Each structure stands twice: as structure tokens, then as C-alpha cells.
Amino acid sequence: ADKARIAAASGPGHTADGTPVHLLVNIGTVDDAAKAGPVDSEGVGLFRTEFMYLGKTSAPSLDEQTASYTAVLEQFAGRRVVVRTLDAGSDKPLPFLDLGTEENPALGVRGLRIGTVFPETLATQLTALARAGEATGADLWVMAPMVATADEAAGFAALARESGLTKVGAMIEIPAAALRAADLLAHLDFVSIGTNDLSQYTCAVDRMAGGLAQLLDPWQPAVLDLIAMVGAAGAAAGKSVGVCGEAASDPTLAPVLVGLGVTSLSMSVPALPAVRAALAAVDRQRCQDAADAACAARNPQAGRAAVAAIIGRA
Ligand code: PEP
Ligand code: MG
């Protein structure tokens with residue numbers, strides 16, 4: 001019955017009582033976009049632009065970037081495409097950006113911080129995105145990775161708007177940004193929570209360290225508390241709050257995230273049907289109850305068990 005329910009689900013995401021939850025996909029290349037274009041989704045919630053340049057030893061030119069972004073956006077005419085500016089450094093080194101050697105690259109110059117060392121790189125990317133947006137019919141949203149403070153959000157938003165971009169946001173993947181989400185949102189049109197890094201930084205555990213999986217679990221109540229703060233800030237400001245980390249593909253967690261105030265979920269293509277079906281099976285109140293139970297749990301296992309009982313999953 002579960003399989004039939006999942007296979008039958010289609011169209012825009014929503015809860016059983018009709019609250020929309022936008023279901024989006026994560027992509028990293030033009031090829032990914034070509035494959036994801038025909039998929040039944042509301043668009044792209046995370047385009048990891050650095051994936052296109054991981055092997056390059058020289059910076060991609062303005063024209064090269066414009067052509068690639070145009071090719072991606074063309075696949076999603078009329079739909080939302082959330083593009084993330086280069087998230088270089090740490091686990092995603094880009095050979096053409098020489099950051100020297102850092103003892104703790106996850107705490108070093110990475111994400112938006114690259115823009116302070118290589119301002120031209122960020123400026124060129126924003127210009128290329130604005131051009132690609134004009135050339136296509138996609139609904140282009142642009143966000144910065146690894147934003148820690150409201151000042152950084154304001155600085156990024158100013159640059160992006162000067163480049164002609166109109167929907168500007170930030171990823172929330174540093175606890176400081178979650179704690180101050182309302183201050184960041186004052187400068188932004190939306191935020192998107194990166195639960196992979198948010199989990200890493202909340203429990204101070206390397207996301208590449210397999211042996212510490214329990215501490216990297218997005219069901220950690222402390223991580224859920226931070227997501228709740230962002231959800232509340234988004235609701236108060238009337239602005240969109242997405243989740244685009246791995247946590248968005250967990251069908252049991254999806255109702256919890258919606259209960260915490262999340263308005264869109266972005267995941268790998270294969271994860272979509274099960275998440276869509278899980279949401280369609282629960283009403284808003286049940287999402288709220290699931291969120292309360294997950295936050296009240298003493299650890300991830302207890303949270304999962306409590307939520308499974310509330311939403312009726314085995
Ligand atoms: C995240 O940190 O959750 C995220 C979506 O970004 P990435 O995995 O690319 O760091
Ligand atoms: Mg991240």
C-alpha cells in the first residue's frame with residue numbers, strides 16, 4: 001500500500017489539508033539539469049555551481065559561466081531555480097582559487113568568505129547569473145553559502161541587487177546565522193537551511209567523519225531547535241524558508257520540518273516521490289505535533305520513534 005501511495009503521488013507538494021510545501025531538486029551540473037528538467041518538481045532548490053568547476057585550473061570566464069547558467073535555467077522555464085554562488089574551500093576546493101593551506105579549512109575561508117579574498121570572482125558570477133536570468137524564462141533566485149552575520153547578508157544582497165538580481169537569499173548553515181535569522185532576513189528575500197553544514201557546526205563534528213554519524217544527525221534536537229528559530233523568523237517576515245541539505249530527503253523528517261516552519265524542501269531526484277507522499281498523508285496539525293515531539297526528544301532515535309508513531313509510519 002505504501003508503494004502504491006508513493007507511486008500515485010504527483011504535482012506540487014502539499015500537506016493533507018492543502019498547505020503548500022514546494023518540492024524542489026538539487027543539481028550541480030548542466031547534465032544534472034537536463035535530467036532533472038522533465039522531472040515532476042517545482043524547480044531547483046539548490047544548484048551547487050562549484051560542481052561545474054571542481055576540476056578547473058583557471059577561473060571560468062563571464063561568457064563561459066553565462067552559457068552554462070543559461071543552459072541550466074532553460075530547463076526550468078516558468079519554475080523556480082535557486083542558484084548558490086560558489087561554495088569553494090574546505091570540502092569543495094577549487095584549484096583556480098588559491099587559498100593557501102589552512103589548519104582548519106572548515107572554519108577558514110570558504111563559501112561567501114571567498115568573495116572577500118577574490119571579489120572579482122563573485123562579481124563575475126553574479127553578472128553571469130543576471131545575464132542568464134534575463135535570457136531565460138526561469139524564476140531565478142540567488143543565494144550565498146556560509147553566511148554567518150547580518151552584515152554579510154546585507155553585503156551580499158547589495159552586490160547581487162547591483163548586478164540586477166531581484167530574488168536574493170542566504171543559506172543558513174552556521175548556528176550564528178540561525179540564531180540571528182530575523183536580522184539576516186531583514187536584508188534578504190529568502191533563506192535556505194543547509195542541514196549538512198548546520199549539523200557539522202552545531203555539534204562540532206567533521207561532516208566527512210563517518211565514525212561520528214550520531215552527532216551529525218539532523219534529528220539532533222539542538223539542530224531542530226535552530227531550524228525552528230529560522231522557521232519562526234521566516235514566518236514572522238512572511239519569507240520563504242527552505243531546507244536543501246540531506247535532511248530534506250527523509251520522509252519521516254519532512255512533516256517535522258514543515259511543523260517547524262519550513263516552506264520548501266530540496267532533494268535528490270529519487271527522494272521526491274516518498275517525501276511528496278509523506279506530506280500528502282499528514283495535516284498541518286500533525287506536522288506541528290511531530291515537530292513538538294522531535295524537539296522534545298532526548299536524542300535522534302527517540303525523536304524518530306516518537307514522530308513515526310504520530311504520523312503513522314512503521
Ligand atoms: C548543506 O550544507 O547542507 C548544503 C546543502 O550544502 P553543501 O552540502 O553543498 O555544503
Ligand atoms: Mg553547506
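Please read all numbers here as calculations on a predicted model, not as lab measurements. (Residues numbered from 1 in each chain as written. Chains lettered and ligands numbered in written order. Predicted model: local features only at pLDDT ≥ 70, side-chain atom pairs only at ≥ 80, totals over all residues.)

Draft legend 1. A look at the pairing of strand E5 (residues 168-172). Most of E5 sits out of view: five of its five residues are buried. Side chains of E5 alternate between two faces, with Val-168, Ala-170 and Ile-172 and Gly-169 and Met-171 buried alike. Two elements, strand E4 (residues 139-144) and E5, share three bridges in a ladder whose sense is parallel. Following the sheet pairing, Val-142 is matched in E5 by Val-168. Read from E4 through helix H6 (residues 150-162) to E5, the crossover connection turns out right-handed. (Buried ≥ 20, exposed ≤ 12 C-beta atoms within 10 Å, placed from the backbone. Helix = DSSP H or I, 4+ residues; strand = E, 2+ residues; numbered from the N terminus. Pairing = 2+ DSSP bridges. Right-handed = clockwise from strand over helix to strand, strands pointing away.)

Draft legend 2. The sheet that holds E4, seen in detail. The sheet built from eight strands closes into a barrel, its strands ordered E1-E2-E3-E4-E5-E6-E7-E8 with parallel pairing. When strand polarity is set aside, the average angle formed by the axes of neighbouring strands in this sheet is 25°. Bridging between E5 and strand E6 (residues 190-193) involves four bridges; their strand directions are parallel. Bridge pairing links Ala-170 to Val-191 in E6. The strands that H6 touches are E4 and E5; relative to E5, the one it contacts most, it runs at about 145°. (Axes fitted to C-alpha atoms, helices over the stretch in contact; angles between N-to-C directions. Contact = placed C-beta atoms within 7 Å.)

Draft legend 3. Structural view of the pairing of strand E8 (residues 264-267). By the alternation rule, side chains of E8 split into Ser-264 and Ser-266 and Leu-265 and Met-267, which are all buried. Bridging between strand E1 (residues 22-27) and E8 involves four bridges; their strand directions are parallel. By the bridge assignment, His-22 is partnered in E8 with Ser-264. Pairing of strand E7 (residues 240-243) with E8, which is carried by two bridges, proceeds in the parallel orientation. The residue bridging Gly-242 from the neighbouring strand is Ser-264, located in E8. With helix H12 (residues 253-259) bridging E7 and the parallel E8, this β-α-β connection has right-handed handedness.

Draft legend 4. Representation of the environment of Leu-54 in the model. Mapped onto the elements of the fold, Leu-54 is located in the loop between strand E2 (43-48) and helix H3 (62-73). Along the backbone, Leu-54 and Ala-77 are 23 residues apart, and their C-alpha atoms lie at a distance of 27 Å.

Draft legend 5. Seen up close, the site of ligand 1. Around ligand 1, the neighbouring residues are Leu-46, Arg-48, Asp-87, Glu-173, Gly-194, Thr-195, Asn-196, Asp-197, Cys-244 and Gly-245. Contributions of two or more residues to the shell around ligand 1 are made by E2 and helix H9 (195-202). Residue contributions to the shell around ligand 1 peak at three residues, all from H9. A breakdown of the residues in the shell around ligand 1 according to their chemical character gives two nonpolar, four polar and four charged. (Near = placed C-beta within 6 Å. Nonpolar A, V, L, I, M, F, W, Y, C, P; charged D, E, K, R; others polar.)

Draft legend 6. How the structure looks around the UniProt feature "binding site: phosphoenolpyruvate" (unreviewed entry) in the protein chain. As recorded in UniProt, the feature "binding site: phosphoenolpyruvate" (unreviewed entry) lies at Arg-48, Arg-84, Asn-196, Asp-197 and Arg-207. Mapped onto the elements of the fold, Arg-84 is located in strand E3 (residues 80-84). Each residue touching Arg-84, except ones within four places of it in the same chain, is listed here: Leu-46, Phe-47, Arg-48, Thr-49, Met-143, Pro-145 and Met-171. You can see Asn-196 is positioned in helix H9. (UniProt positions renumbered as here; feature names shortened; annotations may be inferred.)

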